[in-house]
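# A closer look at the structure
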Amino acid sequence: MNSLTKETVDELLAAMDAYKVIAQELIDKLILETNQPEKSEIIKGSYYLISNAELLNDEEHLTGNWYFDVHGEHCMFENLDTGQKLEVPSGIQTILEMWIPTFLVRE
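A brief structural summary. Bear in mind that the values here come from a model prediction, so they are computed numbers and not experimental data.

## Re the pattern of salt bridges
Enumeration according to the criterion identifies 3 salt bridges in this entry. Residue Lys 6 is joined to Asp 10 by a salt bridge in which the shortest nitrogen-to-oxygen separation is 2.7 Å. Here Asp 10 and Lys 6 lie together in helix H1 (residues 6–33), a separation of 4 residues that amounts to about one turn. Residue class for Lys 6 comes out exposed when judged on its relative accessible area of 58%. On the basis of relative accessible area, Asp 10 is assigned to the partly exposed category, the value being 37%. Linking Lys 20 and Asp 17 is a salt bridge whose minimum nitrogen-to-oxygen distance equals 3.5 Å. Taken together, the positions of Lys 20 and Asp 17, both in helix H1 and 3 residues apart, correspond to about one turn of that helix.

## A closer look at the nonpolar core
Judged by nonpolar contacts, the single largest core of 18 residues is most densely connected at Ile 27, Leu 30, Ile 50, Leu 62, Phe 68, Phe 77 and Val 88. At the level of secondary structure, the elements contributing two or more residues to this core comprise H1, strand S1 (66–71), strand S2 (74–79) and strand S3 (85–89). A total of 6 residues in this core trace back to one element, the largest contributor, which is H1. Those residues within four positions of Ile 50 in sequence are excluded, and the remaining contacts are Ile 27, Leu 30, Ile 31, Gln 36, Ile 42 and Val 70.

Conventions adopted
Residues numbered from 1 in each chain as written. Predicted model: local features only at pLDDT ≥ 70, side-chain atom pairs only at ≥ 80, totals over all residues. Heavy atoms only, no water. Salt bridge = Lys/Arg side-chain N within 4 Å of Asp/Glu carboxyl O. Helix = DSSP H or I, 4+ residues; strand = E, 2+ residues; numbered from the N terminus. Buried < 20%, exposed > 50% of the residue type's maximum accessible area, 1.4 Å probe, protein only. Core = buried A, V, L, I, M, F, W, Y, C linked by side-chain atoms within 4.5 Å. Contact = heavy atoms within 4.5 Å.

Printed below as a string of structure tokens:
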């Protein structure tokens, strides 16, 4: 079995941290900027209730020019300026709380 260098582990952990931050920002943006029918439950953590609801800002996209598409148990976000895409599971809050990357540091 190949082992990862400390530098590789550090890069992977930094990428995971960046993903968590961006994913949470986008989910928060989606909740705040759309007319979610179950908004009060979603805010409490029931992210699986998020839907492709209408935007509140009379725009076609979320602020920052983010397109979103809720599908199944995921939401795909795409920044229309940069082309960056991020797939976020609807259970992201649980995933973020449970995401312990110990598998990266096994010897």
